[in-house]
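So you can see what is in the structure, the chains are spelled out below.
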Amino acid sequence: MGLRWKRDEDVEISNAFATNIASMQQFAQNLQTQVQNVVDAIEGGTLSGKAYNAANEVFKELFLPLGKAADSLTTSLTKASTQYLSYREKMAGTDFLDEDAMSSNITRLSDLNKEIDAIHKLPFKETRHLFQDKYKQNEATLIKLNAQLTKLREFDQDTQNLYSTWDEEVTAIAQGVNYITKGKVNANGTFTPALGTNRDWLATLKDNEIKRIVGPLERPKGMTAAQYRAYKKAVYKRAKELQARGWTDASLAAFGVCLNYNPKKLGAKQSVADYVKDETADADKVGSGLFRAMWAADDLKMYDGNEKAAAAINKLQVLMRTAHMDAKHLTPKLNPGDEGYGELDGSIAQTKMLLSHFGDISPTSDFWNDLSETVITALPSGLQGAVLNQPLAKAVNQYRYVISAQQMQYVRDYGEKHGAANDREALIKYLRSTGEYDLDESARLHQKKNSEDKPAPDAKKGQNLKIVQNFHSEFILSGDHLISEIDPEKDSDHNTNGVVNGSSFNYAEGNDYNSDKSDEWNAMHSDHYKYDMEVNDLDPIFRKNKTKLSEYKAPSSSAYNSAQSKYGEDGLSAHEINQKTMKKFKEDLDSD
Amino acid sequence: MKLEVKLHQQQQLQADYERIEAHLRKQTKELEEVSAQLAANDRMLVAGLQECWQGPAAEQFIDDQRRATRQFLQQADECSLALEQERRAKQQDFEAAWEAISHQEVD
């Protein structure tokens, strides 16, 4: 049976909205009375000690979820009611419309017009114009009738999910209010429900909460009604997992929007479970389109004051969990007290595992700017300076090396697709394709030598080149090889040059270390120093061992520029050697 | 004029006239039949729409549809009248031509 629209039913729906909203307001009022009783008991000292704690638990476990659900539902109902009224405008001037019957009329008229078309093509000039006119008039009629059908279908599409789950939720809230208002908070802080009431409503509310946050889901093509129900259930379950990971309501709403954007057709032999797994897999990939949409939806501009830093911290925590930098996925763990996160070990296996949790994201993506802003907002005192959030700061610091390894691998993959023979050629081809790069950033910190005045293995004096994109993304080229702190192709034991001199992502927006903003400028206040340089305490142990135990040290600014220092060679300073090597690189980059 | 020629001309004239008249009558008949059929279909459409679509917009649309049907029938009448006028004109032309040939003297 096709769609049918009746204005009488529309009035009933509008009334149902109003009734439900009024019910919610009444529930909220009843609940408020009971909440006030508990608050009075707590504040009035009636409840103290264990009783106070128990009452608090009851409050958190029962009252808060119910209050939150009632508030959210009232907001949703009000919003949906407004939306409904606006969608209803489409049906202005129509009191009744039957899709099937209208379709039959359209088909009949269309068939008839084909006959007229045949008549007016006959060579009877005396009557030809008459039938031509009739044909055109019928065509215009068909367009108008089809427009009515389109309106009806659009209205149905717009509104089909607008009021689908509320009855269940309104009932659950009513049961919850009944449970709480009829029950009693005892002197010991516990709660005794009235006979005949139970807590089933709580589970219903939790299920519905996620539905409301994610929003209605459109039915992908090729799904039967039963498959569509299974699809919704699986998506909401997945959303709960993402919620547990720390994603906010705004991000989960974006998750729903992304799923509704041109949903793919269910494959002929594809199960709904596989479909949901495939379509939501990118939520687990840092930098994928879906991940970036969810990240961007939780816009820090929405928050004020302390809330902004807390929101930024939450975003970083979500990022670390998605990236598998958390202790659940990454071993070894960080130091005692840092239980939430793991520690990089420089192994190929671990590096590959971490890189497998990235989406397809280029080193020039805007996401990297946004991530950097988030880090600076979350940890305003810098990474090592983040005393209260040291475990997170440590993970965020170590993640710089993971990002850099991903970007290095991105360039290698690009090179492989475009026939590059080595990393150097891959980098040249990649940089040419973007046209965005800076070859003038100082590479001083990437020319370390050890206590025996030997450069790291594979490094030649002054020749580790530094190329950056948007300052954040960094590549270090040593001869024909890109080097990074961790490398999916090398264990740290075989990557000394990478570990001590390799690339790392920069959280600072630009190189403000040597800023000449004023005479009083202290380089240690620069973002580059606070977020990218002063990080030794937070570095992975394997790196600390390499740099400290072997006493690898970067040249000072004066040593870097001195031909006589141990960093220079053949009458040239390390800086001059670097510039000479860079000149050759630039020539190769510019030649096509 | 020879008698055979005169008779041939008259036969030719008669045949031409009959052909044209048959064509015009057929056109007129077909026009009447088809337009009546189309008008009936229009009325069926209106009846069908009244059952599946109601409200001010539908009423307006149905009114327009009825007006268009009336207009079509009026145009069909006019067309039919034009065909009849053309037929009469052809008949007069024929009669005049017949007359003219009739007055031709034979050798």
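As the structure is a computational prediction, the values presented were derived from the model and not from experiment. (Residues numbered from 1 in each chain as written. Chains lettered and ligands numbered in written order. Predicted model: local features only at pLDDT ≥ 70, side-chain atom pairs only at ≥ 80, totals over all residues.)

Draft legend 1. Broad picture of the overall build of chain A. Helices and strands together make up the secondary structure of chain A, namely 20 helices and seven strands. A buried classification covers 37% of the 592 residues belonging to chain A. For chain A, restricting intrachain contacts to residue pairs at least 6 apart in sequence, the fraction spanning at least 24 positions comes to 71%. (Helix = DSSP H or I, 4+ residues; strand = E, 2+ residues; numbered from the N terminus. Buried ≥ 20, exposed ≤ 12 C-beta atoms within 10 Å, placed from the backbone. Contact = placed C-beta atoms within 7 Å.)

Draft legend 2. Local environment of the nonpolar core. Residues and elements named next belong to chain A. Among the nonpolar cores identified, the biggest contains 79 residues, and F255, L316 and L427 are the most heavily contacted of them. Among the elements that line this core, the one with the most residues is helix α14 (residues 390-417), at twelve residues. When near neighbours in sequence (up to four residues on either side) are disregarded, F255 contacts V214, A239, L242, A283 and M294. Of all hydrophobic cores here, the second largest spans 25 residues; its members include F17, V38, L62 and W166. (Core = buried A, V, L, I, M, F, W, Y, C linked by C-beta atoms within 7 Å.)

Draft legend 3. Structural detail: the environment of P455 of chain A. Residues and elements named next belong to chain A. With respect to the helices and strands, the residue P455 is situated in the loop between α15 (423-434) and β5 (464-469). Judged by the 23 C-beta atoms lying within 10 Å of it, P455 is buried. Along the backbone, P455 and N497 are 42 residues apart, and their C-alpha atoms lie at a distance of 8.2 Å. Apart from the residues lying within four places of it in its own chain, the contact partners of P455 are K449, K460 and K461.

Draft legend 4. Looking closely at the pairing of β5 of chain A. Residues and elements named next belong to chain A. Burial analysis of β5 places six of its six residues in the buried class, the great majority of the element. As paired elements, β5 and strand β6 (residues 473-478) share six bridges and run antiparallel to each other. Paired with L465 across the bridge in β6 is L477. (Pairing = 2+ DSSP bridges.)

Draft legend 5. Structural context of the confidence of the model for chain B. Residues and elements named next belong to chain B. Summing up the model confidence of chain B, the mean pLDDT is 89 and the portion of residues at 70 or higher is 100%. No element of chain B has a lower mean pLDDT than helix α1 (residues 3-52), which averages 89, and none a higher one than strand β1 (residues 53-54), which averages 94. What the predictor reports for the complex is a pTM of 0.69 with an ipTM of 0.83. (pLDDT = per-residue confidence, 0-100.)

Draft legend 6. Spatial organisation of the packing of helix α7 (residues 225-245) of chain A against helix α8 (residues 249-260) of chain A. Residue and element names in this part refer to chain A. As a packed pair, α7 and α8 sit with axes 10 Å apart at the nearest point and diverge in direction by 145°. Crossing of α7 against α8: the hand is right-handed. Each of V235, A239, L242 and Q243 in α7 lies in contact with α8, whose residues at this interface are L252, F255 and L259. For the contact of α7 with α8, a count of residues per class yields six nonpolar, one polar and no charged. (Axes fitted to C-alpha atoms, helices over the stretch in contact; angles between N-to-C directions. Left-handed = near helix turned anticlockwise from the far one by under 90°. Nonpolar A, V, L, I, M, F, W, Y, C, P; charged D, E, K, R; others polar.)

Draft legend 7. Summary view of unusual backbone geometry. Residues and elements named next belong to chain A. Although it is not a glycine, F471 sits at a positive phi angle of roughly 65°. Position of F471 among the secondary structure elements: in the loop between β5 and β6. A positive phi angle is found at D570, which is not glycine, with a value near 50°.

Draft legend 8. A look at the sheet that holds β6 of chain A. Residues and elements named next belong to chain A. Pairing is antiparallel in the open sheet, where three strands are placed in the order β5-β6-β7. Both outer strands of the open sheet, β5 and β7 (481-483), are each paired with one neighbouring strand and no more. Neighbour-to-neighbour, the strand axes of this sheet turn through a mean angle of 35°, independent of strand direction. Relative to β7, β6 runs antiparallel, the two being bridged by three bridges. Paired with L477 across the strands is L482, a residue of β7. In the packing of α14 onto the sheet, contacts are made with β6 and β7, and the angle to β6 comes to roughly 65°.

Draft legend 9. Molecular detail of the pairing of β6 of chain A. Residues and elements named next belong to chain A. Most of β6 sits out of view: six of its six residues are buried. What you see with β6 is no split at all: S473, F475 and L477 on one side and E474, I476 and S478 on the other are buried throughout. In this antiparallel pair of consecutive strands, β5 and β6, the connection spans three residues, and N470 shows a positive phi of 50°. Where β6 hands over to β7, the hairpin turn is made up of two residues, of which G479 adopts a positive phi near 65°.

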